[in-house]
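Chain by chain, the residues:
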Amino acid sequence: MRIAIDGPAGAGKSTVAKKLAGLLGYDYIDTGAMYRAVALAALSAGIPGDDEEALTRLAESLTIEQVWRQDGTTLKVFLNGRDVTREIRTPEVSRFVSVIAQVPGVRQQLTAKQRAMAASGRVVMEGRDIGTVVLPDAEKKFFLTASVEERARRRFLEITGQGYDATLEEQIREIAARDARDESRAVAPLMPAPDAVVIDTTGKSPDQVVAEMAALVRGG
Ligand SMILES: Nc1ncnc2c1ncn2[C@@H]1O[C@H](COP(=O)(O)OP(=O)(O)OP(=O)(O)O)[C@@H](O)[C@H]1O
Ligand SMILES: Nc1ccn([C@@H]2O[C@H](COP(=O)(O)O)[C@@H](O)[C@H]2O)c(=O)n1
């Protein structure tokens, strides 16, 4: 079974996707990490966000690998063989990623790589367009949501918990800006697939959300 999980930033996709994959013994693929790897490579190469040709060539040339340890927590991301797991999460990459994600050629390149990665089945894949574009015939599709304030609060707690400086207002602005770009882009805009189960995670713990999803997966 291929399980697609989509939704906006901070809805809890990675958290529940890892737990669900661990529970089912499935592979886990974080497609946002792949867009982040392209953004990191573009920043390093000094390619601007509006150079669609250079960004597309770059996305085509990169080797992006993910190594998932089925302990329910550990995903490592490698860019051309180098571990970039931490580097792809910097604020600079987070600001740039939804810009390069608007480039149709970049999306085409990454979609092809993602389909190849899911070919074995038994996979939980999360992102923004998995149920609509990457795996439109996935056996189970979920779309997670939560209010902007709730998602920003979660991100704020995560960042400050790691010892970094942040304000809630700045997180609300950043998440709202990313939502706007993801929802309005011409190719593969963020939206639920017509056959996705929509789950509002506001006020629910990750374990509650995973239990809800696992019941739906097992129930067929
Ligand atoms: N149901 C939940 N209740 C409370 N906090 C949650 C819940 N789900 C996730 N979180 C927390 O919210 C933060 C964001 O979650 P996560 O990274 O899983 O979101 P995401 O949808 O994958 O975001 P992004 O698309 O930006 O990667 C994390 O700190 C996580 O621990
Ligand atoms: N299938 C996807 C996945 C991600 N994106 C873009 O990447 C950004 C970062 O994603 P995270 O899940 O790591 O936060 C996201 O804001 C999208 O712009 C995408 O377009 N399609």
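Residues numbered from 1 in each chain as written. Chains lettered and ligands numbered in written order. Predicted model: local features only at pLDDT ≥ 70, side-chain atom pairs only at ≥ 80, totals over all residues. Heavy atoms only, no water.

1. A few points about the overall build of the protein
Then step 1. Within the protein, the regular secondary structure consists of nine helices and eight strands.
Then step 2. Taken over the C-alpha trace, the protein has a radius of gyration of 16 Å; the compact-globule value for 220 residues is 17 Å, and the two agree within 12%.
Then step 3. Reported as C-alpha extents along the three principal axes, the dimensions of the protein are approximately 50 × 40 × 35 Å.
Then step 4. The 220 residues of the protein split such that 47% are buried.
Then step 5. For the protein, long-range pairs separated by at least 24 residues make up 74% of all intrachain contacts whose partners lie at least 6 apart in sequence.
Then step 6. A total accessible area of about 10200 Å² is found for the protein, and carbon and sulfur atoms account for 52% of it.
Then step 7. One finds the centroid of the 29 positive side-chain charges in the protein at a distance of 4 Å from the centroid of its 31 negative side-chain charges. (Helix = DSSP H or I, 4+ residues; strand = E, 2+ residues; numbered from the N terminus. Rg over C-alpha atoms; globule rule 2.2 N^0.38 Å. Buried < 20%, exposed > 50% of the residue type's maximum accessible area, 1.4 Å probe, protein only. Contact = heavy atoms within 4.5 Å. Areas by Shrake-Rupley, 256 points an atom, 1.4 Å probe, with all protein chains shown as cover. Lys, Arg positive; Asp, Glu negative; His and termini not counted. Charge placed at Lys NZ, Arg CZ, Asp CG, Glu CD.)

2. Notes on the packing of helix α7 (residues 148-161) against helix α8 (residues 168-184)
Then step 1. Running from N to C, α7 and α8 cross one another at 120°; their axes reach a closest spacing of 8 Å. Judged on the interaxial angle alone, α8 and α7 are oblique. The hand of the α7/α8 crossing is right-handed. For the pair α7 and α8, the contacting residues are V148, R151, A152, R153, R155, F156 and I159 in the first and L168, Q171, I172, I175 and D179 in the second.
Then step 2. A class-by-class count of the residues in the contact of α7 with α8 yields seven nonpolar, one polar and four charged. (Axes fitted to C-alpha atoms, helices over the stretch in contact; angles between N-to-C directions. Parallel < 35°, antiparallel > 145°, perpendicular 65-115°, else oblique. Left-handed = near helix turned anticlockwise from the far one by under 90°. Nonpolar A, V, L, I, M, F, W, Y, C, P; charged D, E, K, R; others polar.)

3. Points about the sheet that holds strand β5 (residues 82-83)
Then step 1. Spatial strand order, β3-β4-β5: three strands in an open sheet with antiparallel pairing. Only two strands of the sheet have a single partner each, and these edge strands are β3 (64-69) and β5.
Then step 2. Against the sheet, helix α2 (residues 31-45) touches β3, β4 (74-79) and β5, its axis set at about 135° to β3. (Pairing = 2+ DSSP bridges.)

4. Remarks on the packing of aromatic side chains
Then step 1. Taken as a whole and judged by the stated rule, the model has one aromatic pair.
Then step 2. Each ring, one from Y28 and one from W68, has its centre 5.1 Å from the other, and the planes form 65°; the classification is edge-to-face. Taken together, the positions of Y28 in strand β2 (residues 27-30) and W68 in strand β3 put the pair 40 residues apart, joining distant regions of the chain.
Then step 3. We classify Y28 as buried; its relative accessible area is 1%.
Then step 4. Residue classification places W68 among the buried positions, given a relative accessible area of 11%. (Phe/Tyr/Trp six-rings, centres within 6.5 Å; stacked < 30°, edge-to-face > 60°.)

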